[in-house]
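Next come the chains, spelled out residue by residue.
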Amino acid sequence: MADEKSSMSPLLNEEQVKSPQPASRVSPKKSSCSWTRLAVEFLAIVAGITILTHFTHGYIRYGYRDSNPELLDPNELPDGWTEWSTITPSEKLVWEPCFAIYGPDILCARLTVPMDYHRPLNQSAGNPKVHLALVMRPGSRRTQDPSSYSDSPLLINPGGPGGSGALLAIVSGKQLRTAIGTDRDIIGFDPRGVGATTPKADCFVAPDDPFGLQGRNVAYMNRLAWVTSGHDVGIVNSSNVALSKLSARSKALAQLCKRIDDDEGDNSIFRYSNTPNVARDMLSIVHAWDEWRSTSSAEPAEFTQTPETVDEPQTVPKLEPSDSTKGKLVYWGFSYGTLLGATFASMFPDKVGRLVLDGVVDADHYVDAVAADNILDTDAIWEQFFVYCADAGPACVFSLLGDKPEDIKKRYDDTMAWLEKEPAVILPRYTNVPVMVTASDIKMVIFSALYFPISGFPLIASILKALVDGQLGTIVAAPISTLLCHNLTLPMWPDDAQKVIGCSDKRYKLNDDLDTLQKRFEDMAAYSSFADVWMSVGFNLPCNGWDIDAKDPPMRWDDHPAHKPAPINTSFPILFLSNTLDPVTPLHSALKMTRKFSTASIVEQNAMGHCTLSCVSLCTIGHIRAYLDRGVLPPAPRFDSDDTGEWATCACDERPWRSLHEAGEEISEGKTEEEVGAMTAYKDVRTRLLRKEAFLRQHDYRNPLREAVLSAMMSDRKSQPTCGK
């Protein structure tokens, strides 16, 4: 038996005692999965939502809703479920147990803040309010004493705009805690207009119908009918009239939103949903947290914490009092969440405790009419699909024996050329209605896969294989589900927050004629062949014709030399994170934003995908932990030019067809059980974040491939309820 010895943990950078036992290992998964199962798994990610498989006749239980509590029938709700409307809003934080169906240690609150910060609540009880939905996953060893909680919780935002932080905390908070340390309180919140926060930014809002269908279901059906009607239009360059039709649809939806806004007048959430107001809300959360912790009588409702299912990492000593983040924001934002974090830092530089900005948005271009150069690296990632597929050999089901990357690329190009000439006619296995799958459908799914190539590439290969073999009928569902004839319960009802926030944030409104739009598209296409997909994203072309003015002007992010301010000096340096290749937030943007803040630092993860979650890296996890726990940053970057210089880098521990579980012992060899647990949890957060964000995107474009697995996840039955009963 080897002698015990002490060493430095690569994860925590602290001295630990190594016991004479084998290193923890990830159990390898068999790679001989059928392509049909892989396709279903990928589509579950692309269209996925967390579904509670609890069926009663006429109801589907897969998430939360916001209903009138007087109309709720407790017998119709799954055990452990929580209706947000049963939680009383308050101007102070009042935590109560919630969503026990996901675990016993979840707390919820609804914090009331001003809709218009120029009309504070203490001036008049009649001033408009916003009720922020908050979900907390408490750290370990918390008691009924509020002072036992963190000086500052970690606020998280999954991006969007329009992403639900509350839902992310519910379904991923436990894994996130395991990845970055269990002695940390994590709070996810829904920004104003989003998810369970009220009022919602919903342009399709509708009353109950006279036949018993609730208003939210009427609105959902109307929304799906509208989205479905645009399927045959395709993406921007799918035909010579597509751009014109998409522009007309953008203006039509803008008019619908304007009608709702006009009805609400000065109390319309549409006028107060821009990013600066969300930044003010985050400061309100910080203040409310401090007040709650300092009030001994303000105790959270009782709840029971159960032991973690993985070994708990070694507790990191608390920071010295002089390093306390009390009264300041501790935050981790992904994608658009980086724009939100940067906005907060520019508005309240003295309130920065710790800011991790991951997958960095170029603020200068975000406020422009369209964000053209976000897709700077998109094609480079897609080209790697053919390289990795060829290297994987038989494991890549779209390859043939002896294929080189160029052979696979030609097969793909030929397949798409065929599909562009004539859409594939699919007869779903269990429904008697034809479905058309177009080249736009395939390209949209591929674009989504570029966000997470580790899992996305193998599964795109499976979908292309199914297409070539004429087997899509096994995974494509009917375009209209009879389930819509019944009152549904969704994890998050769709809204128009992405459009409302994104369009409100623009300094330069988009109100272009067709020729100008065509020129914008051609300029965007110079960056990437996926410009036709990116142009259709909610804060680009869909903002054309937006006619609702935000009450507060957007931030003056602008790269015009006359407006270039000196770097912003924050009370604590910001940590930026970026992959080497990111499909929508390139490294170029992260480097640029790093220079906007004095003493900020950056870690480049040598990987491809959106945000560092797209690939597990123990090195990256270590940097995040060191920053959050001990305030330790990587060395300051040194720039030779805008995109060259020296800064911290981290290797990725995965690659396509060799994920964390597929590689098994190879990746985990020599690592401690704690490190393997953190890596596994990081991967799980990635999967759950992708599922949630994909659920939001599915309502932008009615893709039959996405709907296929949504239907499959609802039920494994071969029949569906009918409208008759």
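Bear in mind the structure is a predicted one, so any value in this text is a computation, not a measurement.

What counts, and where the lines are drawn
- Residues numbered from 1 in each chain as written.
- Predicted model: local features only at pLDDT ≥ 70, side-chain atom pairs only at ≥ 80, totals over all residues.
- Heavy atoms only, no water.
- Helix = DSSP H or I, 4+ residues; strand = E, 2+ residues; numbered from the N terminus.
- Buried < 20%, exposed > 50% of the residue type's maximum accessible area, 1.4 Å probe, protein only.
- Contact = heavy atoms within 4.5 Å.
- Areas by Shrake-Rupley, 256 points an atom, 1.4 Å probe, with all protein chains shown as cover.
- Pairing = 2+ DSSP bridges.
- Right-handed = clockwise from strand over helix to strand, strands pointing away.
- Salt bridge = Lys/Arg side-chain N within 4 Å of Asp/Glu carboxyl O.
- Polar contact = N/O pair within 3.5 Å; in protein donor to acceptor, adjacent residues only side chain to side chain.
- pLDDT = per-residue confidence, 0-100.
- Disulfide = S-S within 2.5 Å.
- Phe/Tyr/Trp six-rings, centres within 6.5 Å; stacked < 30°, edge-to-face > 60°.
- Lys NZ or Arg CZ within 6 Å of the ring centre and 35° of its normal.
- Axes fitted to C-alpha atoms, helices over the stretch in contact; angles between N-to-C directions.
- Expected span 1.5 Å × (residues − 1).
- Parallel < 35°, antiparallel > 145°, perpendicular 65-115°, else oblique.
- Left-handed = near helix turned anticlockwise from the far one by under 90°.

Looking only at helices and strands, the protein has 20 helices and 18 strands in total. Within the protein, the fraction of its 725 residues that count as buried is 60%. Summarising the internal contacts of the protein: among those between residues at least 6 apart in sequence, 77% fall at separations of at least 24. Approximately 28700 Å² of the protein is accessible, and the part contributed by carbon and sulfur atoms is 51%.

For strand 11 (residues 352–358), the tally of buried residues reaches seven of seven residues, placing the bulk of the element in the interior. By the bridge criterion, six bridges tie strand 10 (residues 329–334) to strand 11 in an arrangement that is parallel. Of the residues in strand 11, the one forming a bridge with Gly333 is Leu357. Note that the unit made of strand 10, helix 6 (residues 336–347) and strand 11 has a crossover that is right-handed. Here strand 11 pairs with strand 14 (residues 575–581) via three bridges, running parallel.

Let us now look at the pattern of salt bridges. One pass over the full model with this rule turns up 34 salt bridges. Linking Asp183 and Arg142 is a salt bridge whose minimum nitrogen-to-oxygen distance equals 3.3 Å. Residue Asp183 is located in the loop between helix 2 (165–180) and strand 9 (186–189), and its partner Arg142 is located in the loop between strand 7 (129–137) and strand 8 (154–157); the two are separated by 41 residues in the primary sequence. The exposure class assigned to Asp183 is partly exposed, which follows from its relative accessible area of 27%. Taking relative accessible area as the criterion, Arg142 reaches 13% and is therefore assigned buried. Linking Asp364 and Lys596 is a salt bridge whose minimum nitrogen-to-oxygen distance equals 3.2 Å.

Considering the arrangement of structural elements, one finds Asp362 in the loop between strand 11 and helix 7 (363–366). At 3.0 Å, the side chain of Asp362 and the backbone nitrogen of Asp364 are in polar contact. If sequence neighbours within four positions are ignored, Asp362 has contacts with Ser589, Lys592 and Met593.

For the protein, mean pLDDT is 82; residues scoring 70 or higher make up 78% of the total. Of the regions scoring below 50 in pLDDT, residues 1–72 engages in 209 contacts with residues more than four places distant in sequence or in other chains. Scored below 50 in pLDDT, residues 303–319 shows 48 contacts in the model against residues more than four places distant or in partner chains.

Our focus in this paragraph is the state of the cysteines. Scanning the entire structure with this criterion turns up six disulfides. Linked covalently through their sulfurs, Cys619 and Cys650 form a disulfide whose S-S length is 2.0 Å. A torsion of -60 degrees about the S-S bond marks the disulfide between Cys619 and Cys650 as left-handed. In this pair, Cys619 sits in helix 16 (residues 618–630) while Cys650 sits in strand 18 (residues 648–651), placing the two residues 31 residues apart along the sequence. Relative accessible area serves as the criterion here: at 3%, Cys650 is assigned to the buried category.

What follows deals with the packing of aromatic side chains. The geometry of an aromatic ring pair comes down to the distance between the two centres and the angle between the two planes. In total, this model carries 28 aromatic pairs according to the counting rule given. Both rings, one in Trp81 and one in Phe99, keep their centres 5.1 Å apart while their planes meet at 80 degrees; by these two values the pair is edge-to-face. Pair noted here: Trp81 is in the loop between strand 4 (59–61) and strand 5 (96–97) and Phe99 is in the loop between strand 5 and strand 6 (107–114), with a separation of 18 residues, a long-range link. Relative accessible area serves as the criterion here: at 0%, Phe99 is assigned to the buried category. Ring geometry for Phe639 versus Trp647: centroids 5.8 Å apart, planes at 40 degrees, classification tilted. Residue Phe639 is classed as partly exposed on the basis of its relative accessible area of 26%. The structure contains a cluster of three or more aromatic residues connected by ring pairs, namely Tyr336, Tyr366, Phe447, Tyr451, Phe530, Trp534 and Phe539. Between Lys443 and the ring centre of Phe530, over which it is positioned, the NZ or CZ distance is 5.3 Å.

We now examine unusual backbone geometry. Across residues other than glycine, the phi torsion is negative in most instances, and most of the peptide bonds are trans. With an omega of 0 degrees, the peptide bond between Gly160 and Pro161 qualifies as cis. Locating Pro161 in the fold gives a position in the loop between strand 8 and helix 2. The backbone phi angle of Phe99 is positive, close to 45 degrees, even though this residue is not glycine. Here Ser335, not a glycine, exhibits a phi torsion of approximately 55 degrees, which is positive.

So, on to the sheet that holds strand 7. Judged by pairing direction, the sheet is mixed, and its ten strands sit side by side in the order 5-6-7-9-8-10-11-14-15-18 without closing on themselves. The open sheet has two edge strands, strand 5 and strand 18, and neither has a second partner. Here strand 15 (residues 601–608) pairs with strand 18 via four bridges, running parallel. Its bridge partner lying in strand 18, Glu604 is registered against Thr649. Where helix 2 meets the sheet, it contacts strand 7, strand 8, strand 9 and strand 10, and its direction lies at approximately 30 degrees from that of strand 7. In the packing of helix 6 onto the sheet, contacts are made with strand 8, strand 9, strand 10 and strand 11, and the angle to strand 10 comes to roughly 150 degrees.

Over its 15 residues, helix 8 (residues 378–392) runs 22 Å from end to end, which matches the ideal 21 Å to within 8%, given 1.5 Å per residue. By the burial criterion, the buried members of helix 8 are Thr378, Ile381, Trp382, Phe385, Phe386, Cys389 and Ala390. On its buried face, helix 8 is in contact with helix 9 (405–421), helix 10 (439–449), helix 11 (453–468), strand 14 and strand 15. Of the residues flanking the end of helix 8, it is Gly393, one or two places downstream, whose phi is positive at about 65 degrees.

Moving on, we get to helix 3 (residues 215–229). Its 15 residues give helix 3 an end-to-end C-alpha distance of 21 Å, which sits within 8% of 21 Å, the value for a rise of 1.5 Å per residue. Residues Gly215, Arg216, Asn217, Val218, Ala219, Tyr220, Arg223, Leu224 and Val227 constitute the buried set of helix 3. The inward-facing, buried residues of helix 3 abut helix 4 (242–264).

For the rest of this paragraph, the subject is the packing of helix 4 against helix 13 (residues 514–525). Two quantities define a packed helix pair, namely the angle between the helix axes and the distance between the axes. Where helix 4 contacts helix 13, the two axes come as close as 10 Å, and the packing angle between them is 110 degrees. Viewed along their axes, helix 4 and helix 13 adopt a mutual orientation that is roughly perpendicular. Handedness of the helix 4/helix 13 crossing: right-handed. Of helix 13, the residues touching helix 4 (which contributes Leu243, Ser244 and Ser247) are Leu514, Leu517 and Gln518.

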